[in-house]
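So the chains spell out like this:
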Amino acid sequence: MEHRDLEDADPEVYQALNDEIERQESESLEMIASENFVPRQVLQAQGSVMTNKYAEGYPGNRYYAGCKHHDKVENLAKERALDLFGGDHANVQPHSGSQANFAAYAAVLDPGDKILGPVLAHGGHLTHGHGVNFSGELYDFGTYAINKETERFEKEDILEAAREHDPDLIVMGYSAYPREFEFEMFREVADEVDALLMADIAHISGLVAGGKHPEPFPHCDIVTTTTHKSIRGARGGMILCKEKYAEDVDKAVFPYTQGGPLMHQIAAKAVSFKEAQRDSFEEYAEQIIKNTEALAEGLRNEGLKLVSGGTDNHLVLVDLRNEEVTGKQAESLLEEIGVVCNKNMVPYDPESPFVTSGIRLGTPALTTRGMKEKELEQIGEMIARRVKNPEDGKMEEKMKEKVSEILEEFPLYENSKVKY
Ligand SMILES: *Cc1c(COP(=O)(O)O)cnc(C)c1O
């Protein structure tokens, strides 16, 4: 077979990949709370010959021959996952967080069973019962809401919703909730109504792995996550569970919802979990918390209101209901100065999901670049001033320059070119 380098074989894609390195490196401050930058060793494992194999089944029990090295990396990924997150059993094959949720529900429920999940506009994910998603169609969802006063999930509200819906399973875990996920409190509610408890820790898994957020086990029966958000690993999903559900979880992933696993991704998951076991990852998680607190401080200093008043984790949700701009307008104002974030519903938002009254800002990616409290506080103040002065063109120019300066000071992949 003729082997050619990508540069030679496909100059157009090669160019796009290098342009993307440039975009990530020097065009914007990445503040989308679900995004991060993986270390080079993760990219290397992803771009490896592990992609060439069909490995349907599980280590030691595959449908095809020739899987010994695949067994090795999958077992490493599983062992490391259990070390980081607890639980008795790990399945590292889900292709994404949504696939993990699909399989997790299928493992412990039948179609038509009852699930209690968060109101979508209060921080849940599409897979938590949205009408456009499989979950809303296959299961009978009821919802619990954020408390209007405290802007947090409170036990009495959840208990009331649980008593009314009488669910078989309660799902907790959010994409836009700036406070601690209270596994123990949800367990108490689940026990009251005799339901299983599932936590979707996609957003906070890096904080859990780094020891900066309480652990989901032993409170939860089943836990799902993505492997590419705050945990800074290969893109994909994972399920962890108690021994009792291990066999059902494995069957639900393969053959029920997936075929051959993406073994290059699983190798890269193993590599990123090893990174997360290092002491340096604990420092990273700690810095995320400090940076988000500094960001919140900067935003509040300049008069912006934060949902629940602040943050315990890697993100803040800015409430723009008292400001002149909507979430949509704020998102594009910020994009113009090189701050990339997303508009987001705030609890009890009067605007539509396409407009919204909020923006969500996360710090995992900037923390990976090496930024600390000083930069995040400055960035918070800058964001607030921009949002409060949408007409000020001079300010816009100055801020663009400031963003470029910060980016230059914190290089990312340092003059990388795509090479395999
Ligand atoms: C991101 C996310 C998911 C889905 O992950 P995908 O890999 O995009 O399918 C599921 N649940 C929560 C809470 C998330 O934040």
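Remember, predicted model here, so these are calculated numbers, not experimental data.

The rules we used
In this numbering scheme, every chain counts its residues from 1 along its sequence in written order. It should be noted that, the model being predicted, local features are given only for residues of pLDDT at least 70 and side-chain atom pairs only at 80 or more, the latter also being counted only at that level, while totals for whole chains, interfaces and linings use all residues. The basis for every side-chain value is the complete set of non-hydrogen atoms in the structure, without hydrogens or water. All axes are obtained by fitting lines to C-alpha atoms, using only the stretch in contact for helices, and the reported angles, taken between N-to-C directions, cover 0 to 180 degrees. Each helix is a run of DSSP H or I of at least 4 residues and each strand a run of E of at least 2, with the numbering of both proceeding from the N terminus. Here a crossing is taken to be left-handed if its near helix is turned anticlockwise relative to the far helix by less than a right angle, and right-handed if that turn runs clockwise. The contact rule is simple, with two residues in contact once any of their heavy atoms fall within 4.5 Å. In the scheme used here, Gly and all other residues not listed as nonpolar or charged are polar, with Ala, Val, Leu, Ile, Met, Phe, Trp, Tyr, Cys and Pro taken as nonpolar and Asp, Glu, Lys and Arg as charged. Put simply, a nonpolar core is a bunch of buried Ala, Val, Leu, Ile, Met, Phe, Trp, Tyr and Cys residues held in one set by side-chain atoms that sit within 4.5 Å of each other. Buried means the residue's accessible area, taken with a 1.4 Å probe over protein chains only, is under 20% of the maximum for its type, while exposed means over 50%, and partly exposed covers the values in between. Domain borders in the structure are assigned automatically or taken from a domain database. UniProt positions are given in the numbering used here, feature names are shortened, and annotations may be inferred rather than shown by experiment. What makes a residue near a molecule or strand is one non-hydrogen atom of that residue sitting within 4 Å of it. Two N or O atoms form a polar contact when they lie within 3.5 Å of each other; inside protein one atom must be a possible hydrogen donor and the other a possible acceptor, and for residues adjacent in sequence the pair counts only when both atoms belong to side chains. Every accessible area reported is derived by Shrake-Rupley at a probe size of 1.4 Å, with residue values counting cover from the shown protein chains alone. What counts as a salt bridge is simple: a side-chain nitrogen of Lys or Arg found within 4 Å of a carboxyl oxygen of Asp or Glu.

With respect to the packing of helix 4 (residues 68-85) against helix 11 (residues 263-277)
At a minimum axis distance of 8 Å, the contact between helix 4 and helix 11 shows a crossing angle of 40 degrees. With respect to the hand of their crossing, helix 4 and helix 11 are arranged in left-handed fashion. Contacts from His70, Val73, Glu74, Leu76, Ala77, Arg80, Ala81, Asp83 and Leu84 in helix 4 reach Met263, Ile266, Ala267, Ala270, Val271, Phe273, Lys274, Ala276 and Gln277 in helix 11. Grouping the amino acids of the contact of helix 4 with helix 11 by side-chain chemistry returns 12 nonpolar, 2 polar and 4 charged.

Topic: the nonpolar core
In this structure, Phe85, Tyr144, Ile170, Met172 and Phe186 are the most contacted members of the largest nonpolar core, which totals 62 residues. For this core, the element with the highest residue contribution is helix 11, accounting for 7 residues. Counting the residues that make up this core, at least three belong to each of domain 1 (44-276) and domain 2 (279-409). Excluding its chain neighbours within four sequence positions, the residues that come into contact with methionine 172 are Tyr144, Phe181, Glu182, Phe183, Phe186, Leu197, Met198, Ala199 and Asp200.

Section: the UniProt feature "binding site: (6S)-5,6,7,8-tetrahydrofolate" (unreviewed entry) in the protein chain
Here the UniProt feature "binding site: (6S)-5,6,7,8-tetrahydrofolate" (unreviewed entry) sits at Leu120, Gly124, His125, Leu126, Glu243, Ser352, Pro353 and Phe354. Across 235 residues in sequence, these annotated residues place their C-alpha atoms as far as 42.6 Å from one another, rather than forming a single compact spot. For proline 353, the position within the fold is in the loop between strand 14 (342-343) and strand 15 (358-362).

Re the site of the ligand
If you check the shell around the ligand, you find 13 residues, and the closest are Gly97, Ser98, Ser175, Asp200 and Lys229. The contact in question runs from an oxygen atom of the ligand to an N or O atom on the side chain of serine 96, over 3.5 Å. Look at the ligand: alone it shows 380 Å² of surface, and the protein chains cover 85% of it. Per element, the largest residue contribution to the shell around the ligand is 3 residues, and it comes from helix 5 (residues 97-108). Among the residues making up the shell around the ligand, the classes are represented as 2 nonpolar, 9 polar and 2 charged.

Overview of the pattern of salt bridges
Across all of its chains, the model carries 23 salt bridges by this definition. The shortest N-O distance in the salt bridge between arginine 187 and aspartate 221 comes to 3.0 Å. With a gap of 34 residues between them, arginine 187 in helix 8 (residues 183-192) and aspartate 221 in the loop between helix 9 (205-209) and strand 9 (222-226) connect regions that are remote in the sequence. Accessibility expressed as a relative area gives 15% for arginine 187, which makes it buried. A salt bridge links glutamate 302 to arginine 385, with the nearest nitrogen and oxygen atoms 3.9 Å apart. With a gap of 83 residues between them, glutamate 302 in the loop between helix 12 (279-301) and strand 11 (305-306) and arginine 385 in helix 15 (residues 373-388) connect regions that are remote in the sequence. The structure contains a network of salt bridges with shared partners spanning Glu151, Lys305, Asp319 and Arg321.

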